[in-house]
Amino acid sequence: MLSFIIKRIGLAAVITALAVTALFLIIHMIPGDPVSTMLGPRATPEMRTALEERMGLDRPLIVQIALFFGNMLRGDLGMDVFSNRPVTQIVLGQVPYTLGLILVSISWAAVLGVALGCYSAVNRNSLGDRLTGVLSVSVIAVPAFVVALYSLLVFAVKLQWFPAIGAGEAGNLGDQLHHLVLPSLAIGLSWVGYIARLVRASMLEVLGEGHIRTARAFGLPEGRVVFGYALRLAILPTVTVIGVGMGFLLSAAVFTEIVFSRPGLGKLVIDSITTRNYPVVMGSVLFSTLIFVVSTTLADIINAILDPRIRAGK
Amino acid sequence: MAVLDILDLSVSYTTPRGDLKALRGVSLSVPQRRIVGIVGESGCGKSTLISAIIRLMAPNAQIRSGSIRLKGAEILELSEAQMRALRGAEISMVFQDPMQTHNPVLTVGRQMIDIQYRDKLSKTEKRKRAAGMLALVGIPDPEARLNQYPFEFSGGMRQRIAIAMALMAKPALLIADEPTTALDATLEVQIIKRLRELQEEVGCSILFISHHLGVIAELCDEVVVMYAGEVVESGSVRDVFHNPAHPYTRALLDCDPGHIKVRTRNLPTIPGNIPDLVHLPQGCIFAGRCDKRHDACAARPDMATVNPSHHAACHLIAVRETA
């Protein structure tokens, strides 16, 4: 088990390094340079050279990448061009908002989705199953920002049950959760349908397998057969999909944060891209990448815990 | 009193083409401490019969008539909860494919402890009993192997674990559904020997399903030959194998590679196919493939007595007796 985890983390490190290099190159290919943005059109060549030197933009690209990696490992992602605060500090200030939003969204979606999927599989072709099927497909088809806009209009503006903007008062957990309801509804809704469909399909497959017949032939209670024996296997693909789905969750979070004017990585990226604030763009995208890599790695490790065959590499 | 009595059992599957009559008027009985074999080619209704006995049938299957009695008590009238109480306790099963029998993500020990959920024993006692059963079926170092997962065992070992699980509750009836088909020949002999020993030790009856005639001859006391959902012949292994009364049994024995003495390029087969079970032919079910077919076969033959413990459903038996 330990060797599996170490191997998986090593792989994650390699993936991160490749992703960061790619990111670095992509950002440098974006038209427009930070020096003109910062100094404006009337800057003298001397001022430009000085700033380029300060930001290290005059060095060869390969040196810039190497320097970036070296600094990154020390936790130094450079300085914000405008406020002169360390980028790490700025980004780390936003990460908890986004991470919290994503985790709450996927958690409620997973619990409800798994429950609906199990119900549908056990009561296959019943009215409830068909209804769940239709609803699942409809919510999968609705993008997060549409749910965000409509839930904002209905529940925040019209009914005024929930606040419309912001992330709530710092330190007041109840208020923060209250602010999380609508955004997490927007992000999680389509996942409920998606997970329900996924669990239903894999559950039906597992329920048809020989070992389930064995469990029933030994008179095990149906509840234990479904949740103790079948779900253990049927949940595996869902864990993987959620791990990989972190990318979609992040992009859904960007839209949702904009709609609800919530602080977070999404808002930070948008703001810094429009101002060509390279270090901050780089820093926030780097953290998004990290969240993605960590979540896929975690999904693999959870699967290995759930399925001994993966651990053994079979 | 017999452990299992099946009387005139008919089971149909509802299909888009109409009712598929998988079992028609099947009667057989498994006496106490005896091993009864059921032989027949694929599609003869062996699996339907088993699923009816433990009442784990496909959703589209219906029992049209008949009765199944376990130690004299009618199974078909039990509620689902009462039936569940019998499974694994009074009737247990060993399935065909040992690679699919166990849950792949739970340890063997956990699965063996789980099936003892009815017993009010501590977990350590249940574990000890599980280890004891593994030792009984010949798995070395059972205590440690309880912590292993099914994929860490070979096919033969998994089948022995399946047998250990099936016998753990000392059931009255063990149903073994082609338990050796997925194993190679040397393992087959091992499993058969072990099953025989354990049957004597536990004192249960076994209903043994197979299409391997040699295994049936080796293991069973009595044999039931099924064809296309009907019992065509039944009797002691000796009577049926040495003096087959039904043309189908004879043809089946002729096809057994173990019986062929002359060198041949092509193995013998029974010409023709199993009749369509949705639109059944009139008369004898085997008539279409029978080389002894005559006018009387247009009517369905009843079970005729060859000797008091040997019966076959063929018109020729009565003829032979009168002749």
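Residues numbered from 1 in each chain as written. Chains lettered and ligands numbered in written order. Predicted model: local features only at pLDDT ≥ 70, side-chain atom pairs only at ≥ 80, totals over all residues. Heavy atoms only, no water.

Peer 1: Any chance you could break down the interface of chain B and chain A for me, citing the residues and the numbers?
Peer 2: With 26 residues of chain B at the contact, the number on the chain A side is 22 residues. The largest per-residue losses of area from chain B upon contact with chain A belong to Phe95, Val105 and Phe151 of chain B, which jointly make up 28% of the total buried on that side. Counting every contact that joins chain B to chain A gives one salt bridge. The salt bridge involving Arg224 of chain A is made with Asp114 of chain B; its shortest N-O contact spans 3.4 Å. Along the contact surface separating chain B from chain A lie nine residue pairs in polar contact (both at pLDDT 80 or more). Contributing elements (two or more residues each) for the side of chain B that touches chain A: β6 (91-94), α3 (98-101), α4 (108-114) and α7 (155-168) of chain B. (Contact = heavy atoms within 4.5 Å. Buried area = accessible area lost by both parts, 1.4 Å probe. Salt bridge = Lys/Arg side-chain N within 4 Å of Asp/Glu carboxyl O. Polar contact = N/O pair within 3.5 Å; in protein donor to acceptor, adjacent residues only side chain to side chain. Helix = DSSP H or I, 4+ residues; strand = E, 2+ residues; numbered from the N terminus.)

Peer 1: So, the sheet that holds β6 of chain B: which residues are in play, and what are the values?
Peer 2: All names here are of chain B. The strand order across the open sheet formed by eight strands is β6-β7-β8-β3-β9-β10-β12-β11, and the pairing between neighbours is mixed. Two strands close off the open sheet at either side, each with one partner strand: β6 and β11 (304-307). Each neighbouring strand pair of the sheet contributes to a mean axis angle of 20°, computed without reference to strand direction. Pairing geometry for strand β7 (residues 173-177) and strand β8 (residues 205-209), over five bridges, is parallel. The residue bridging Leu173 from the neighbouring strand is Ser205, located in β8. Across the sheet, helix α1 (residues 46-53) touches β3 (35-39), β6, β7, β8 and β9 (222-227), and the angle it forms with β7 is around 150°. Packed onto the sheet, α7 meets β6 and β7 and runs at close to 180° relative to β6. (Pairing = 2+ DSSP bridges. Axes fitted to C-alpha atoms, helices over the stretch in contact; angles between N-to-C directions.)

Peer 1: Kindly report on the packing of aromatic side chains, identifying the contributing residues and their values.
Peer 2: Summed over the entire model, instances satisfying the criterion amount to eight aromatic pairs over all chains. Between Phe145 of chain A and Phe255 of chain A the ring centres are 5.5 Å apart and the planes differ by 40°, which places this aromatic pair in the tilted class. With Phe145 of chain A in helix α7 (residues 144-158) and Phe255 of chain A in helix α11 (residues 236-259), the pair connects residues that are 110 residues apart, well separated along the chain. Residue Phe255 of chain A is classed as partly exposed on the basis of its relative accessible area of 46%. What links up through ring pairs into an aromatic cluster is the set Tyr227, Tyr248 and Phe286 of chain B. (Phe/Tyr/Trp six-rings, centres within 6.5 Å; stacked < 30°, edge-to-face > 60°. Buried < 20%, exposed > 50% of the residue type's maximum accessible area, 1.4 Å probe, protein only.)

Peer 1: Tell me about the pattern of salt bridges, residues and numbers included.
Peer 2: Within the structure shown, the criterion is met by 21 salt bridges over all chains. Asp300 of chain A is the partner of Arg8 of chain A in a salt bridge, and the nearest nitrogen-oxygen pair spans 2.3 Å. Remark: Asp300 of chain A occurs in helix α13 (residues 278-306) and Arg8 of chain A occurs in helix α1 (residues 2-29); sequence separation between them is 292 residues. Residue Arg8 of chain A is classed as buried on the basis of its relative accessible area, which comes to 12%. Given a relative accessible area of 24%, Asp300 of chain A falls into the partly exposed group. Note that Glu41 of chain B and Arg289 of chain B form a salt bridge whose closest N and O atoms lie 3.3 Å from each other. Placement of Glu41 of chain B in the loop between β3 and α1 and of Arg289 of chain B in the loop between α11 (247-255) and β11 is noted, with a sequence separation of 248 residues between them.

Peer 1: Give a detailed account of the environment of Met303 of chain B, specifying residues and quantitative values.
Peer 2: Within the secondary structure layout, Met303 of chain B lies in the loop between α11 and β11. With residues up to four places along the chain from it excluded, the contact list for Met303 of chain B reads Val231, Val232, Glu233, Ser234, His311, Ala312 and Ala313 of chain B.

Peer 1: Explain α7 of chain A to me, using residue names and the numbers behind them.
Peer 2: Residue and element names in this part refer to chain A. Taking 1.5 Å of rise per residue, the 15 residues of α7 would be expected to cover 21 Å, and the 20 Å separating its terminal C-alpha atoms lies within 8% of that figure. The axis of α7 is deflected most strongly, by about 30°, at Leu152. Buried within α7 are the following residues: Ala144, Val147, Ala148, Ser151, Leu152 and Ala156. Among the structural elements, α8 (173-207) and α11 are those in contact with the buried residues of α7. Backbone geometry just downstream of α7 places Gln160 in the positive-phi region, at approximately 55°. (Expected span 1.5 Å × (residues − 1). Bend = angle between axes of the 7 residues up to and from the residue.)

Peer 1: Give me the layout of surface pockets: which residues, what numbers.
Peer 2: Empty space within the largest pocket amounts to approximately 790 Å³. Around the largest pocket, the lining comprises 26 residues; the ones closest to its centre are Arg216 of chain A together with Leu56, Met57, Ala58 and Pro59 of chain B. Every element with two or more residues in the lining of the largest pocket is listed here: α5 (87-122), α8 and α9 (210-217) of chain A together with α1 of chain B. Considering every element that reaches the lining of the largest pocket, the biggest residue donor is α1 of chain B, with four residues. (1 Å grid on protein atoms, 1.4 Å probe; cavity = no way out; pocket = protein on both sides within 12 Å on 5 of 7 lines; lining within 4 Å. Points joined across faces, edges and corners; volume = space filled by probe spheres on them.)

Peer 1: Hey, could you go over the side chain of Arg158 of chain B for me, with residue numbers and the actual values?
Peer 2: Residue and element names in this part refer to chain B. Within the secondary structure, Arg158 is located in helix α7. Among buried Asp, Glu, Lys and Arg side chains, Arg158 stands out as unpaired, with Asp97 the closest opposite charge at 7.1 Å. Those residues within four positions of Arg158 in sequence are excluded, and the remaining contacts are Pro98, Met99, His102, Pro150, Phe151 and Phe153. (Lys, Arg positive; Asp, Glu negative; His and termini not counted.)

Peer 1: Give a detailed account of the domain arrangement of chain B, specifying residues and quantitative values.
Peer 2: Residues and elements named next belong to chain B. You can read the domains of chain B as domain 1 (4-90 + 171-322) and domain 2 (98-170). On a C-alpha basis, the centroid separation for the pair domain 1 and domain 2 is 30 Å. In this assembly, 20 residues from domain 1 lie in contact with 15 residues from domain 2. Here domain 1 meets domain 2 over a buried area of about 1,500 Å², counting both sides, of which 67% is carbon and sulfur. Among the residues of domain 1 in contact with domain 2, Pro171, Arg194 and Leu198 are the three that bury the most area, contributing 31% of the side total. For the interface between domain 1 and domain 2, the tally reads zero salt bridges. (Domains from an automatic or database assignment.)

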